[in-house]
Amino acid sequence: WVWTRRGKILVSYTMPYADSGNVISFNFDNYFVNDYHVMGQQVIENKGKNVLNQTYFSQDVQGKILSADTSIKDTLEFVAERKITWITGEGTPMWFDDMYETVGFGHGWGVRHEYYAMNITKPLVREVLCRYYTAGKVELQPQGKALRTIDYGEGACDQQASVEINNKRFSIDLK
């Protein structure tokens with residue numbers, strides 16, 4: 001599978017990453033992945049320190065993906081609000097020991113305009129050197145369908161996760 005990208009992703013920030021009050025914005029300018037038009041905005045704000053003296057960020061996402069084929073209703077829309085906490089590595093000069101934890105919720109409309117809601121029920125953990133979440137759980141509720149629970153495990157950096165639907169567990173390979 002080949003991904004062809006064109007257009008621009010515009011990124012702006014107000015001050016250095018670790019400074020309280022910094023706002024990072026991501027916007028798309030005529031951006032496409034293959035023939036899917038990617039639109040929306042992501043805003044991340046450094047909120048300072050929490051009670052455990054860890055830096056945390058708010059993340060607001062609004063996105064839409066449109067297919068070039070307008071004869072089908074191939075549109076995906078989503079909105080999410082998350083809190084990201086820098087849980088390890090902040091005090092070191094090396095970036096590769098950094099680890100983040102994410103909590104929050106979101107909702108949207110799938111490619112057939114079915115509504116879905118999602119909620120992080122156990123914080124998602126991401127190590128900077130790992131491509132995948134290493135721990136955490138997410139509940140996904142598609143409209144008119146059974147609740148799905150995605151479990152990313154307990155800390156291993158691998159592309160394995162599981163999904164539970166109607167008390168049946170399935171292993172999945174994250175790509």
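Structure: above.
Residues numbered from 1 in each chain as written. Predicted model: local features only at pLDDT ≥ 70, side-chain atom pairs only at ≥ 80, totals over all residues. Heavy atoms only, no water.

## Points about the packing of aromatic side chains
The description of an aromatic ring pair uses the distance of the two centres, along with the angle that the planes make with each other.
1) Next: Taken as a whole and assessed by the stated rule, the structure comprises seven aromatic pairs.
2) Next: Ring centres of Trp86 and Tyr100 lie 5.6 Å apart, and the angle between their planes is 20°; on these two criteria the pair is classed as stacked. Of the two residues, Trp86 is situated in strand S5 (residues 75-88) and Tyr100 in strand S6 (residues 99-109); the sequence distance between them amounts to 14 residues.
3) Next: Ring-pair connections join several aromatic residues into one group, and the members of that group are Tyr17, Phe57, Trp86 and Tyr100.
4) Next: Just above the ring of Tyr56 sits the side chain of Lys83; from NZ or CZ to the centre is 5.6 Å.
5) Next: A cation over a ring is seen here: Arg126 above Tyr133, with NZ or CZ 5.4 Å from the ring centre. (Phe/Tyr/Trp six-rings, centres within 6.5 Å; stacked < 30°, edge-to-face > 60°. Helix = DSSP H or I, 4+ residues; strand = E, 2+ residues; numbered from the N terminus. Lys NZ or Arg CZ within 6 Å of the ring centre and 35° of its normal.)

## Digging into the environment of Asn53
1) Next: Along the chain, Asn53 falls in the loop between strand S3 (36-49) and strand S4 (55-66).
2) Next: Since its relative accessible area comes to 54%, Asn53 is described here as exposed. (Buried < 20%, exposed > 50% of the residue type's maximum accessible area, 1.4 Å probe, protein only.)

## A closer look at the nonpolar core
1) Next: Counting eleven residues, the largest nonpolar core is built from Met118, Ile120, Leu124, Cys130, Tyr132, Val138, Ile150, Tyr152, Ala161, Val163 and Leu174.
2) Next: Contributions of two or more residues to this core are made by strand S7 (115-127), strand S9 (148-154) and strand S10 (160-165).
3) Next: Per-element tally for this core: the top contributor is S7, with three residues.
4) Next: When near neighbours in sequence (up to four residues on either side) are disregarded, Leu174 contacts Tyr132, Tyr152, Gln159, Gln160 and Ala161.
5) Next: Formed by six residues, the second largest nonpolar core is a distinct cluster that contains Ile44, Phe57, Ile84 and Trp86. (Core = buried A, V, L, I, M, F, W, Y, C linked by side-chain atoms within 4.5 Å. Contact = heavy atoms within 4.5 Å.)

## With respect to the pattern of salt bridges
1) Next: Counted according to the given criterion, the structure contains six salt bridges.
2) Next: With a shortest N-O distance of 3.6 Å, Arg6 and Asp35 are connected by a salt bridge. Linking Arg6 in strand S1 (residues 5-13) with Asp35 in the loop between strand S2 (23-33) and S3, this pair joins segments that are 29 residues apart in sequence.
3) Next: Residue class for Arg6 comes out partly exposed when judged on its relative accessible area of 40%.
4) Next: Asp35 sits in the partly exposed class, given a relative accessible area of 46%.
5) Next: Put simply, Lys49 and Glu90 hold a salt bridge, and the shortest N to O gap is 2.9 Å. In this pair, Lys49 sits in strand S3 while Glu90 sits in the loop between S5 and S6, placing the two residues 41 residues apart along the sequence.
6) Next: Looking at Lys49, the relative accessible area reads 45%, which means it is partly exposed. (Salt bridge = Lys/Arg side-chain N within 4 Å of Asp/Glu carboxyl O.)

Nothing here speaks to function; it is geometry throughout.
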